[in-house]
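Survey of secondary and tertiary structure
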Amino acid sequence: MKGFYLRQASRGINGELGRKLDQSRLPSKVDKRRSFLGHVKNTLPTNPLAPKGPHRRHPKMLPEGAREKLLGTVNAARDRLVVDWLADGGLRIGELCGLHLTDLHLRENAACGECRTPHLHVCHRPGNPNRAEAKTKHSWRVERGTVTGGLIKRVSPAMVHSYFEYMTTEYPRAAGHGMLLVQLHGADAGQPWAPVGARRMLSRAGKRAGLGLVKPHAFRHTFTSAVLDAADGNTLIARDAGGWASAAMVDEVYGHVDVHDPVFDAALRAVWGEV
């Protein structure tokens, strides 16, 4: 449409509208990275006729401010936990819905001895009653009632807070299955919550918040991008923080980063807003 009106203006038709549409802006760092010879670009055209909506840095990422809007929209402590844990943990929805309470080591120097800070263990359990499975299949075991192994992921203070809010207000005391997320209403109240239920909850909340369709995996892309920015482009740190299969999925680089690395720690703290 903009091109049509500019063409008409060049022919002397409605020149005032053409002048209003013939606008430009300074390119951002993202624009320069995405454009061929972007480093030499000084201006980019802008389109006042473009539809207005929630800004996304990338189609697979959440709109700006989505987390705060979702937290203000959801109605249950369980749903707030889902938003916080997806946003700060970079978890897949199958990983989150497949968590057992024994997988959570939410205190300093837990008994597993594998991470000094609060963390959780993502364990592949194909027999979960809600059919939720972790995609990663790291070996794990239970020793004297303590889970060790699996994919270890650090936990933010916001995640710990939403966990205790949920456990002290909504989690059924009589639940014998030991899984973290449960259904809150209906005939199956207290039973493990399936990933499809979490997806539908986020979809409804996103529409109420004016964000459009919100998918759980968008949290993971946004988290990984934020860690990458905080780590000054270190794809190894982004890979380990997000639990990707390899750094190649972030940017064609392979390697390993220790979860105790101070740079890794600083990147997570920056994403969580603690520094």
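Residues numbered from 1 in each chain as written. Predicted model: local features only at pLDDT ≥ 70, side-chain atom pairs only at ≥ 80, totals over all residues. Heavy atoms only, no water.

1. Here we look at the side chain of Ser203
- In this fold, Ser203 is placed in helix α8 (residues 195-208).
- Beyond its immediate chain neighbours, meaning those up to four positions away, Ser203 contacts Gly212, Leu213 and Val214. (Helix = DSSP H or I, 4+ residues; strand = E, 2+ residues; numbered from the N terminus. Contact = heavy atoms within 4.5 Å.)

2. A word on the pattern of salt bridges
- Evaluated as defined, the whole model comprises seven salt bridges.
- In this structure, Glu143 and Arg141 form a salt bridge, with 2.4 Å as the shortest nitrogen-oxygen distance. (Salt bridge = Lys/Arg side-chain N within 4 Å of Asp/Glu carboxyl O.)

3. Things to note about the nonpolar core
- Formed by 41 residues in total, the largest nonpolar core has its most connected members in Trp85, Leu96, Leu120, Leu180, Leu181 and Phe219.
- Taken together, the elements giving at least two residues each to this core come down to α4 (66-71), α5 (77-89), α6 (93-97), β4 (119-122), α7 (157-169), α8 and α9 (216-230).
- When residues of this core are assigned to their parent elements, the largest contribution, seven residues, is made by α5.
- Sequence-distant contacts of Leu180, defined by excluding residues within four places in its chain, comprise Leu81, Trp85, Leu99, His100, Leu101, Leu104, Tyr163, Tyr166, Met167 and Tyr171.
- Among the nonpolar cores identified, the runner-up in size contains six residues, and Val227, Ala231, Leu268 and Trp272 belong to it. (Core = buried A, V, L, I, M, F, W, Y, C linked by side-chain atoms within 4.5 Å. Buried < 20%, exposed > 50% of the residue type's maximum accessible area, 1.4 Å probe, protein only.)

4. Observations regarding the packing of α5 against α9
- Put simply, α5 and α9 touch, their axes get as near as 7 Å, and they point 35° apart. On α9, the residues that touch Val83, Leu86, Ala87, Asp88 and Gly89 of α5 are Pro216, Phe219 and Phe223.
- Classifying every residue of the contact of α5 with α9 gives six nonpolar, one polar and one charged. (Axes fitted to C-alpha atoms, helices over the stretch in contact; angles between N-to-C directions. Nonpolar A, V, L, I, M, F, W, Y, C, P; charged D, E, K, R; others polar.)

5. What to know about the sheet that holds β4
- Spatially, the three strands line up as an open sheet ordered β3-β4-β7, and their pairing is antiparallel. Each edge of the open sheet is held by one strand with a lone partner, namely β3 (104-105) and β7 (151-154).
- Summarising the sheet, β4 and β7 pair through four bridges and their orientation is antiparallel. Each residue of the ladder has a partner; that of His119, found in β7, is Arg154. (Pairing = 2+ DSSP bridges.)

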